[in-house]
Amino acid sequence: MIERFTAIVMRSTGSWYEVRNAGGGLFKARLRGRLRLGGSRSTNPVVVGDEVECTVDEAGEVWIEQVAPRRNYIIRRSSNLSRESHIIAANIDRAIVVATLFSPATVPEFIDRFLVTCEAYRIPATIVLNKIDLAMSEGMEAAVRHFAELYERAGYRVMPVSALTGQGMDELKELLQGRTTLISGNSGVGKSTLIKAVSPGLDIRIGEISQAHGKGMHTTTFSQIYPLSGGGDIIDTPGIKGFGLVDIGGGELYHYFPDLMRVAPECQYYNCTHTHEPGCAVIRAVESGEISEQRYISYLKMLEEDEKYRK
Ligand code: GDP
Ligand code: ZN
């Protein structure tokens, strides 16, 4: 009799996969040839987070036979010039973007770009504002309040934390518990320190781009899932600077800014781009302060930049 089990894909190296069964056991698995040819336009048929059906053959080899339909997934372009897409991870319950106001200061557009991608893929997003201890010792209380207000007004939860002092860490643990959470953020914001604080047994470098093949050389890095000691999983997507917006046309970009979307129905023109049109409710809301200017600037920048990648 053929042994069968369902599993979650924890890691992919391109030629084999690490999968986890319901009991938490880890196995090295390969892909059936025919699965590779599946009608997908994506460059990778099986990705981290996929729920898969496996069999074990007589030689004890584990084979991935089938991939369950994905609840959601997150993609990026293979390269800026290519129209091919690359799925980074699937079946994500929540995405967190770790940001800092000080050492380093996160560029708002990075956060907004991340949030737009989460909206587009219907993945709930939370902003973790780390190094709150540093910001406070630098007298940046007002900046912290301003940041939190700005994003809370746009519809996002902001969690001020300090991996160093432990402030806000209970809330973060609760957020991660029992869920699969994608973690993102620029290098140096404290992702690894945060995860180690949540799951002390885990010895990881989140998002580190491997330098093993020499400086300046492009190294391929792979997404990976890490189990947390308190339950729940973290998805790390190393080397992903920004998520592509491949499927979002310029005309619909504002759909993924909940704050813009709220007032857009009041625009005079149904096809308003919210850039220059008379009677634009978005521009009005920016002028009145209802929509933050910073968010609006991110919208304009993204609109302009992403034009470059369209035909
Ligand atoms: P990553 O690149 O995002 O994984 O960042 P790391 O976890 O390696 O952290 C980068 C640096 O920031 C390290 O020197 C950490 O000790 C420091 N760091 C991380 N979290 C905090 C924090 O909450 N407060 C302070 N003051 N430093 C922190
Ligand atoms: Zn408008």
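For the structure, see preceding data.
Here is a short report on the structure shown in this document. In this numbering scheme, every chain counts its residues from 1 along its sequence in written order. Working convention: letters from A go to chains and numbers from 1 go to ligands, in the order in which they are written. Only residues with pLDDT of at least 70 are given local features in this predicted model, and only at 80 or more are side-chain atom pairs given and counted; all residues enter the totals for whole chains, interfaces and linings. Side-chain metrics in this entry use all non-hydrogen atoms of the structure; hydrogen atoms and water are not considered.

A few words now on the coordination of the zinc ion (ligand 2). The donor set comprises N, O and S atoms within 2.8 Å of the metal, extended to 3.2 Å for Na, K and Ca; water molecules are omitted, so apparent gaps in a site may simply reflect that omission. Protein-derived coordination of the zinc ion (ligand 2) comes from Cys 267 (SG), Cys 272 (SG), His 274 (ND1) and Cys 280 (SG), at a distance range of 2.1 to 2.4 Å. What the four donor atoms of the zinc ion (ligand 2) show is an angle range of 101 to 116° at the metal, which sorts the shape as tetrahedral. Counting gaps between the donor residues of the zinc ion (ligand 2) yields the pattern C-x4-C-x1-H-x5-C. Here the residue Cys 267 occupies a position in the loop between helix H7 (258-263) and helix H8 (281-288), and Cys 280 occupies one in the loop between H7 and H8, the gap between them amounting to 13 residues. Like Cys 267, the residue Cys 280 is buried in the burial classification. Four donors are marked tetrahedral only if all angles between them lie between 85 and 135 degrees, whereas four are marked square planar and six octahedral if opposite donors are more than 155 degrees apart and the other angles lie between 65 and 115; the remainder are marked irregular. Helical segments are the DSSP runs of H or I of at least four residues, strand segments are the runs of E of at least two, and each set is numbered from the N terminus. Whether a residue is buried, partly exposed or exposed follows from its accessible area with a 1.4 Å probe, protein chains only, as a fraction of its type maximum: under 20%, in between, or over 50%, in that order.

Bringing the pattern of salt bridges into the picture now. Each salt bridge in this description consists of a side-chain nitrogen of Lys or Arg and a carboxyl oxygen of Asp or Glu lying within 4 Å of one another. One pass over the structure, following the stated rule, counts twelve salt bridges. In this structure, Glu 18 and Arg 11 form a salt bridge, with 3.8 Å as the shortest nitrogen-oxygen distance. The residue Arg 71 makes a salt bridge to Asp 93 at a minimum N-O spacing of 3.2 Å. Taken together, the residues span a long stretch of sequence, with Arg 71 in the loop between strand S5 (62-67) and strand S6 (73-77) and Asp 93 in the loop between strand S7 (85-90) and strand S8 (94-99) at a distance of 22 residues. With a relative accessible area of 57%, Arg 71 lands in the exposed category. The class of Asp 93 is partly exposed, set by a relative accessible area of 24%. Each member of the salt-bridge network shares a partner with another, and the members are Glu 109, Arg 113, Lys 301 and Glu 305.

When you tally the buried positions in strand S2 (residues 17-21), you get four out of five residues, the bulk of the element. Where strand S1 (residues 3-12) lies against S2, five bridges are found, and the strand directions are antiparallel. Across the sheet, the residue bridging to Arg 11 is Glu 18, located in S2. The antiparallel pairing of S1 with S2 creates a hairpin that spans four residues between the two strands, and Gly 14 there sits at a positive phi of about 100°. Think of it this way: DSSP has to see at least two bridges between two strands before they count as a pair. With four bridges connecting them, S2 and strand S3 (residues 26-31) associate as antiparallel partners. The partner of Val 19 across the bridge, within S3, is Phe 27.

The near set for a molecule or strand comprises every residue that places at least one heavy atom within 4 Å of it. Within the structure, ligand 1 sits among 17 residues, and Asp 133, Gly 188, Lys 191, Ser 192 and Thr 193 are positioned closest to it. Identification of polar contacts relies on pairs of N or O atoms within 3.5 Å, with a donor-acceptor requirement for protein atoms, meaning one able to donate a hydrogen and the other able to accept it, and with residues adjacent in sequence counted only if both atoms are side-chain atoms. In the environment of ligand 1, an oxygen atom lies 2.8 Å from a nitrogen or oxygen atom belonging to the backbone of Gly 188. At a separation of 3.0 Å, an oxygen atom of ligand 1 approaches a polar backbone atom of Gly 190. Among the elements of the structure, helix H3 (132-137) and helix H6 (191-198) are those that each provide at least two residues to the shell around ligand 1. Here the shell around ligand 1 gets three residues from one element, more than from any other, and that element is H6.

Below, the discussion takes up the nonpolar core. Side chains that are nonpolar tend, in soluble globular proteins, to be buried together. One finds Ile 74, Ile 111, Ile 127, Phe 147, Tyr 151 and Leu 182 to be the most contacted residues of the largest nonpolar core, which totals 37 residues. Every element with two or more residues in this core is listed here: S6, S7, S8, helix H2 (108-120), strand S9 (125-129), H3 and helix H4 (141-154). Looking at this core, the element that brings in the most residues is H4, giving six residues. Remark: nonpolar core denotes a set of buried residues (Ala, Val, Leu, Ile, Met, Phe, Trp, Tyr, Cys) joined through side-chain atoms within 4.5 Å. Formed by 22 residues, the second largest nonpolar core is a distinct cluster that contains Val 116, Phe 257, Cys 272 and Ala 281.

Time to look at H8. Within H8, burial applies to Ala 281, Val 282, Ile 283, Ala 285 and Val 286. Just downstream of H8, Gly 289 is the residue with a positive phi angle, here 90°.

A few words on the environment of Thr 13. Relative to the assigned elements, Thr 13 resides in the loop between S1 and S2. Once the C-alpha coordinates of Thr 13 and Phe 222 are considered, the two residues, 209 residues apart in sequence, prove to be 6.6 Å apart. From its side chain, Thr 13 meets the backbone nitrogen of Ser 15 in a polar contact 3.4 Å long.

Looking at the element boundaries, Arg 94 is found in strand S8. Despite its burial, Arg 94 pairs with no opposite charge; the closest candidate is Asp 93, at 8.2 Å N-O. Among the polar contacts listed, one links the side chain of Arg 94 to the side chain of Thr 126, at a separation of 2.8 Å. Ignoring sequence-local partners within four residues, the contact set of Arg 94 consists of Ile 123, Pro 124, Ala 125, Thr 126, Leu 175, Thr 180, Thr 181 and Leu 182. As used throughout, the charge tally considers Lys and Arg to be positive and Asp and Glu to be negative, leaving His and the chain termini uncounted. Two residues qualify as a contact provided that any one of their heavy atoms is within 4.5 Å of a heavy atom in the partner residue.

Working definition: a ring pair exists when centres of Phe, Tyr or Trp rings (six-membered ring for Trp) sit within 6.5 Å. Plane angles under 30 degrees give stacked, over 60 give edge-to-face, the rest tilted. Counting across every chain of the model gives five aromatic pairs. An angle of 50° between the planes, with centres 5.0 Å apart, marks the rings of Phe 147 and Tyr 151 as tilted. Taken together, the positions of Phe 147 and Tyr 151, both in helix H4 and four residues apart, correspond to about one turn of that helix. Seen from their ring centres, Tyr 296 and Tyr 299 are 6.3 Å apart, and the 25° between their planes marks the pair as stacked. Of this pair, Tyr 296 and Tyr 299 both sit in helix H9 (residues 293-307), three residues apart, which is roughly one turn of the helix. In terms of burial, Tyr 296 and Tyr 299 fall into one category: buried. Directly above the ring of Trp 16 sits Lys 28, whose terminal nitrogen or CZ lies 4.4 Å from the centroid. Taking NZ or CZ as reference, Arg 32 lies 4.4 Å from the ring centre of Trp 63, over its face. Note on criteria: charge over ring means Lys NZ or Arg CZ within 6 Å of the ring centre, with the direction from the centre no more than 35 degrees off the ring normal.

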